[in-house]
Structure formats: C-alpha cells, structure tokens
Amino acid sequence: MANKTAANGHGGFPWKHLIGFVLSIVLTLFALWIALETDLSLTWILIIIFGFAFLQAALQLLMFMHVTENSTSTKLTGRVQVGNILFAAFVAIVIVIGSVWVMTAGHAKHDKHDEPKTENHGEHGGEEKSEEHGSH
C-alpha cells in the first residue's frame, strides 16, 4: 500500500514544473522587452531586470528545487529550508551592500584629501610674463 501512495505522488503530469517553466519564460521575455523597447533610464532598467532576476530565482527554487518539501534523510522541514535560504540571502546582501558602502565612503574621503594644493596662478600671472618678454 505504501508503494502505491509513493507511485501516485510521482505519477501524472508535472503541472508544477510546467507552470514554473512558463512563468520563467514570461519573466525573461518581459525583462528583455523592458531592456529593448522602453525609454526608461539605464538605472531603472537595471533595477527592474534585477527584480525580475530575484523573482525568477525564487520561482525556480520553489518550483524546480523543491525547497518547501520536507526531507526525510536530514529531517529538515520546508520552513527550515526556506529560513536557511532567506538567512543566506540576507547575509549575502549585507556583505555586498556593506562592501560597496565601505569602498565608496573610503574613496570619497580619499578624494577630498588627495586634491593637489595649487597656488593661485591666474591669468594675471601669465600676462606679466608676456609683458616682460615683450619689453626686452
């Protein structure tokens, strides 16, 4: 009886995979349309494409990687697996944003202090030299 239940769980048409595949294609085509056919600024195009990329990654984790399913060998529930993925994503985002923040703040500070200190030699100084050469 247990084998019949397991066979029913794996049998039939994989609707979940088909829906995930179609949604992935739609997200990809929509991102392509935004990049090629809209007059948005480059910044907004990149923000939208990255948003679609994160949505597609989440969709593929849910539909194809079976993240929400329970694991019998490791005894992890779907909630624990999703929590682990969210925590890993949070750590990765903090590392990337923190690195960019530290690098830009450091460069901004160094740019202010590294400006060469020049004496004020305006156009008047050049005119005096030309007058001296002209008077000899």
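Residues numbered from 1 in each chain as written. Predicted model: local features only at pLDDT ≥ 70, side-chain atom pairs only at ≥ 80, totals over all residues. Heavy atoms only, no water.

Engineer: So, helix 3 (residues 42–63): which residues are in play, and what are the values?
Structural biologist: An α-helical turn contains 3.6 residues, so any two residues separated by three or four positions project in the same direction. Counted at 1.5 Å a residue, the expected span for helix 3 with its 22 residues is 32 Å, and the 31 Å between its end C-alpha atoms agrees. Buried within helix 3 we find Ile45, Phe52, Gln56, Leu59 and Met63. All buried residues of helix 3 fall inside an arc of 60° around its axis, so they share one side. For helix 3, the exposed residues set more than 90 degrees away from the buried face come down to Thr43, Phe50 and Phe54. Contacts from the buried residues of helix 3 go to helix 2 (15–37). (Helix = DSSP H or I, 4+ residues; strand = E, 2+ residues; numbered from the N terminus. Expected span 1.5 Å × (residues − 1). Buried < 20%, exposed > 50% of the residue type's maximum accessible area, 1.4 Å probe, protein only. Arc of directions from axis to C-beta. Contact = heavy atoms within 4.5 Å.)

Engineer: Can you explain a nonpolar patch on the surface? Please cite residues and give values.
Structural biologist: A contiguous nonpolar patch, built from Phe13, Trp15, Leu18, Ile19, Phe21, Val22, Leu23, Ile25, Val26, Leu29, Leu32 and Leu36 and spanning about 1,200 Å² of accessible area, is present on the exposed surface. Tracing the sequence through the fold places Phe13 in the loop between helix 1 (2–10) and helix 2. (Patch = residues over 30% accessible without salt bridge, like charges linked within 9 Å, V, L, I, M, F, W, Y side chains within 5 Å. Areas by Shrake-Rupley, 256 points an atom, 1.4 Å probe, with all protein chains shown as cover. Salt bridge = Lys/Arg side-chain N within 4 Å of Asp/Glu carboxyl O.)

Engineer: An account of the packing of aromatic side chains is needed here, citing residue identities and associated values.
Structural biologist: Each aromatic ring pair is specified by the distance between its two centres and by the angle formed by the two planes. Enumeration over the complete set of coordinates arrives at three aromatic pairs. Judged by centre distance (5.7 Å) and plane angle (20°), the ring pair of Phe30 and Trp33 falls under stacked. Here Phe30 and its partner Trp33 are both found in helix 2, three residues apart, which amounts to about one turn of the helix. For Phe30, a relative accessible area of 38% corresponds to the partly exposed category. Residue classification places Trp33 among the partly exposed positions, given a relative accessible area of 44%. Through a chain of ring-to-ring contacts, the aromatic side chains of Phe30, Trp33 and Phe52 assemble into a single cluster. (Phe/Tyr/Trp six-rings, centres within 6.5 Å; stacked < 30°, edge-to-face > 60°.)

Engineer: So what's going on with the packing of helix 2 against helix 3? Residues and values would help.
Structural biologist: Between helix 2 and helix 3, the least distance of the axes is 10 Å, while the angle of their chain directions is 175°. Relative to helix 3, helix 2 is oriented roughly antiparallel. Contacts from Lys16, His17, Ile19, Gly20, Leu23, Ser24, Leu27, Thr28, Phe30, Ala31, Ile34 and Ala35 in helix 2 reach Ile45, Ile48, Ile49, Phe52, Leu55, Gln56, Leu59, Gln60, Leu62 and Met63 in helix 3. (Axes fitted to C-alpha atoms, helices over the stretch in contact; angles between N-to-C directions. Parallel < 35°, antiparallel > 145°, perpendicular 65-115°, else oblique.)

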